[in-house]
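Coordinates in review
Okay, here's what each chain looks like letter by letter:
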Amino acid sequence: MTLDLSALGYRWRGLYSPYLSYRDGDVVFKEGGAWVIRHGQPQPFALGQQDATLKGHLLTGGVSVGGFGGMVLHANNQGGIEFRFPQDRNGTVAVSLMQTLQDSGAHYMPSNYHMMAVMTDGSVRGWGRAINGQLGEGSTADIYRTFPARVAFPSGTPRIVKVLANRANTYYIDAEGGLWFSGDNTGNLCSGDGITGAAPVPRRLNGRCDIAETTRIVDLFLGSDFYAYYQAMALDDQGRVYAWGHNRYNSLGLASSSNTNVATLVPFTQDVPIKTAYLNGAYYAASHLIDYDGNCWASGQSGAAFLGGDTPPRHLRLDLGGQRVRKVISSELRNFDAAGAALDYRRVHGLITESGNLYVQHSTPDNTGMGTTAGYAQSLVDNPLLTGVADAYFANGGYLRGIALMQDGRVMGRGYSGYGFASDAGNTTTWLPIGGEHLTGVTKLRATAGRYGSLGLALRGDGRLVVWGRNEIGLHGNGVATEGPATGFVLSDRPLIDFSLSGYAGYGAGDVNAAVHALNDRGQVLSWGAGNQCGDDDGDHCFSPSIIRF
């Protein structure tokens, strides 16, 4: 007998993740309430019906309203099944992790050994290193918290919806568009408005600098590569961008090459609404803003910005022959001689179009076949390095390597093979699949890199996570601490819906101090790797996931 599961009504799938695969009829917890998957997309459960005899519609005794916190949702004719979503259901659990692994590249140090989680009640809790207030709980001491501490927002703060880290700077966005930060305050952000020094509790930025009190911030983009040239851009609900931080080569597009500690409106975004932005946080700095038409606007050092010989005083639109841009990636590391003395900055920059074309250029002659020996003279529109690409990350520093997520869910690698990051067996000058059957069906790819130590992380649509590369302290999460390529899944008995990373995963041999953190569909946070970041009271490294106790 064959059963049609879709005819059985609704299936509870826990916390929603954009990276997991769902079927119509799956019910998930999202944005504080219940959503149902219809036609492949999540929709608020029980909207628009007053007929309580229909399954999946909200019983209100009158007009049907959306299924959010505190409401009761019924699946009629299914044995009395109910979905209940008060905020304290099953206790306060995590719904998202602090974002540390930036989209803009395989940056060296995602966070300063700390991690945070947003909870169902909109509060934020953090653990790991607390120096200079980066955990936002009031302490500036250089201590490591084993148990999560609650971030000390003032009374009346709207629920927090997103947390991001730029090393020891932590940023928060609330549900009403408020932008907050805590931490060491590198650059004394908005110092002209009285914010100077470390911020041990969150400080609100709306109403300071160019960010008006009524401005609604909807996203934040951060950059900080190997030598920590901090950059930040905030995006409001009108598509306007506000920039601050490292501004060498006028990388922020503010008509000046001076660094700025004032969140300043990027002028052209008043007329051109921006969808997303990418910052490289590098010595050879650049920023790229992508508008709703897929145009890419670049400013900064000519090579890093894909501008040839020009270093303009403002953002210029790249001419890519009508191709729409999806994202921009970058990596900058120092090269060293045999005695360990620093040589030149090695850097590689890439651009992915919406159609899946990957273009790459780099600062040094290429001995791995990554592109052409012409370096920055490469013509982007004439020389796609790879097609069918959904995402990619590169690392330089004398050991050029890269990984790419293909549109069919496979992962490919090319270049230096150290630690099994970009190749399962030896250096390669061509793109080859890595990870075998494990790296298939991938929906999210991220990476971090040092001089030659690298770490890759990939989440699949079935909720299984693969980690490969550096593994001296158990970062692969499979119970062992031996180096090698991707050979297995992180140990988890529940589907994982997202992941993040704290610390840094490699510079030289044995130089790794990081922990991986994953959120499962029940709101549990699992951590492994460096003991000082994964909740071990003795600081012992964790080779397999342990649950963070909230």
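Before reading further, recall that the structure is shown in the block above.
Quick look at the structure, then. (Residues numbered from 1 in each chain as written. Predicted model: local features only at pLDDT ≥ 70, side-chain atom pairs only at ≥ 80, totals over all residues. Heavy atoms only, no water.)

**Some points on the overall build of the protein**
To be explicit about the condition: Helical segments are the DSSP runs of H or I of at least four residues, strand segments are the runs of E of at least two, and each set is numbered from the N terminus. Think of it in three bands: residues with accessible area under 20% of the maximum for their type are buried, residues over 50% are exposed, and the middle band is partly exposed, with areas taken using a 1.4 Å probe on protein chains only.
Summing up its helical and strand segments, the protein has zero helices and 36 strands in all. For the protein, buried positions account for 58% of its 550 residues.

**A closer look at the environment of Ala-342**
Here is the rule: Contacts are assigned to residue pairs with any non-hydrogen atoms lying within 4.5 Å of each other.
Looking at where Ala-342 falls in the secondary structure, it is placed in strand 24 (residues 342–353). For Ala-342, a relative accessible area of 41% corresponds to the partly exposed category. Those residues within four positions of Ala-342 in sequence are excluded, and the remaining contacts are Arg-334, Asn-335 and Phe-336.

**A word on the sheet that holds strand 23 (residues 325–336)**
Heads up, the rule is: Any two strands with at least two DSSP bridges between them are considered paired. Axis lines are fitted to C-alpha atoms, over the contacting stretch for helices. Their N-to-C directions set the angle, which ranges from 0 to 180 degrees.
Read from one edge to the other, the open sheet built from three strands follows the order 23-24-25, with strand pairing classed as antiparallel. Two strands in the sheet have a free side with no partner beyond their single neighbour: strand 23 and strand 25 (358–362). Averaged over neighbouring strand pairs, the angle between their axes works out to 15 degrees when direction is ignored. Judged from the five bridges that link them, strand 24 and strand 25 form a sheet pairing that is antiparallel. For Leu-351, the partnering residue across the bridge sits in strand 25 and is Tyr-359.

**Considering the pattern of salt bridges**
Let me state the cut-off plainly: For this document, the term salt bridge refers to a Lys or Arg side-chain nitrogen within 4 Å of an Asp or Glu carboxyl oxygen.
Tallied over the full model, the rule gives 19 salt bridges. Residue Glu-137 is joined to Arg-145 by a salt bridge in which the shortest nitrogen-to-oxygen separation is 2.6 Å. The buried category is assigned to Glu-137, whose relative accessible area is 17%. Accessibility expressed as a relative area gives 28% for Arg-145, which makes it partly exposed. The shortest N-O distance in the salt bridge between Asp-237 and Arg-216 comes to 4.0 Å. You can see Asp-237 sitting in the loop between strand 16 (231–236) and strand 17 (241–245) and its partner Arg-216 sitting in the loop between strand 14 (199–204) and strand 15 (217–223), a full 21 residues away along the chain. On the basis of relative accessible area, Asp-237 is assigned to the partly exposed category, the value being 40%.

**Considering the packing of aromatic side chains**
What counts, and what does not: Any two of the Phe, Tyr and Trp rings considered here, Trp counted by its six-membered ring, make a pair once their centres fall within 6.5 Å; the pair's planes then place it as stacked at under 30 degrees, edge-to-face at over 60, or tilted in between.
Going through the model one piece at a time under the given rule, you end up with 16 aromatic pairs. Look at Phe-153 and Trp-180: their rings are 5.5 Å apart centre to centre, the planes differ by 90 degrees, and that puts the pair in the edge-to-face class. Here Phe-153 is found in the loop between strand 10 (144–150) and strand 11 (160–166), whereas its partner Trp-180 is found in strand 13 (residues 179–183), with 27 residues between them in sequence. A relative accessible area of 6% means that Trp-180 is categorised as buried. For the pair Phe-226 and Tyr-227, a centre-to-centre distance of 4.7 Å together with 85 degrees between the ring planes defines the contact as edge-to-face. Relative accessible area serves as the criterion here: at 12%, Phe-226 is assigned to the buried category. A connected cluster of aromatic rings, assembled from ring pairs, spans Tyr-108, Tyr-113, Phe-226, Tyr-227 and Tyr-504.

**Structural notes on unusual backbone geometry**
One non-glycine residue, His-39, adopts positive backbone phi at about 55 degrees. Looking at where His-39 falls in the secondary structure, it is placed in the loop between strand 3 (33–38) and strand 4 (41–44). Of note, Asn-250 is a non-glycine position whose phi angle comes to about 50 degrees, a positive value. As for its position among the elements, Asn-250 is in the loop between strand 17 and strand 18 (260–265).

**Focus on the state of the cysteines**
Condition: The disulfide definition used here is simple: a pair of cysteine sulfur atoms within 2.5 Å.
Under the counting rule described, the total for this entry stands at one disulfide. Between the sulfur atoms of Cys-190 and its disulfide mate Cys-209 the distance is 2.0 Å. Residue Cys-190 is located in the loop between strand 13 and strand 14, and its partner Cys-209 is located in the loop between strand 14 and strand 15; the two are separated by 19 residues in the primary sequence. The exposure class of Cys-190 is buried, given its relative accessible area of 1%.

**Regarding the environment of Ser-492**
Its place among the elements puts Ser-492 in the loop between strand 32 (465–469) and strand 33 (496–504). Exposure remark for Ser-492: the relative accessible area of 31% places this residue in the partly exposed category. Taking C-alpha positions, Ser-492 is 8.7 Å from Leu-526, a pair spaced 34 residues apart along the chain.

**Re the sheet that holds strand 34 (residues 513–520)**
Across the sheet, which stays open at both edges, the four strands sit in the order 33-34-35-36 with antiparallel pairing between neighbours. For this open sheet the edge positions go to strand 33 and strand 36 (542–547), each flanked by a neighbour on one side alone. The mean angle between the axes of side-by-side strands here comes to 20 degrees, regardless of whether they run parallel or antiparallel. Summarising the sheet, strand 34 and strand 35 (residues 525–529) pair through five bridges and their orientation is antiparallel. If you follow Leu-519 over to strand 35, its bridge partner there is Val-525.

**Considerations on the nonpolar core**
The line we're drawing: Residues enter a nonpolar core if they are buried and are Ala, Val, Leu, Ile, Met, Phe, Trp, Tyr or Cys, with the set joined through side-chain atoms within 4.5 Å.
Counting residues in hydrophobic clusters, the biggest one holds 30 residues, and the most contacted among them are Met-116, Val-124, Val-163, Tyr-172 and Val-525. Elements represented by at least two residues in this core include exactly strand 2 (26–30), strand 3, strand 7 (94–97), strand 8 (114–119), strand 9 (124–129) and strand 11. Looking at this core, the element that brings in the most residues is strand 8, giving five residues. Discounting residues that sit within four places of it in the chain, Val-124 has contacts with Met-116, Ala-117, Val-118, Ala-149, Arg-150, Val-151, Phe-153, Ile-160, Val-163 and Tyr-172. Listed in part, the 23 residues of the second largest apolar core include Leu-465, Val-467, Leu-475 and Trp-528.

Worth remembering: the numbers are spatial, not functional.
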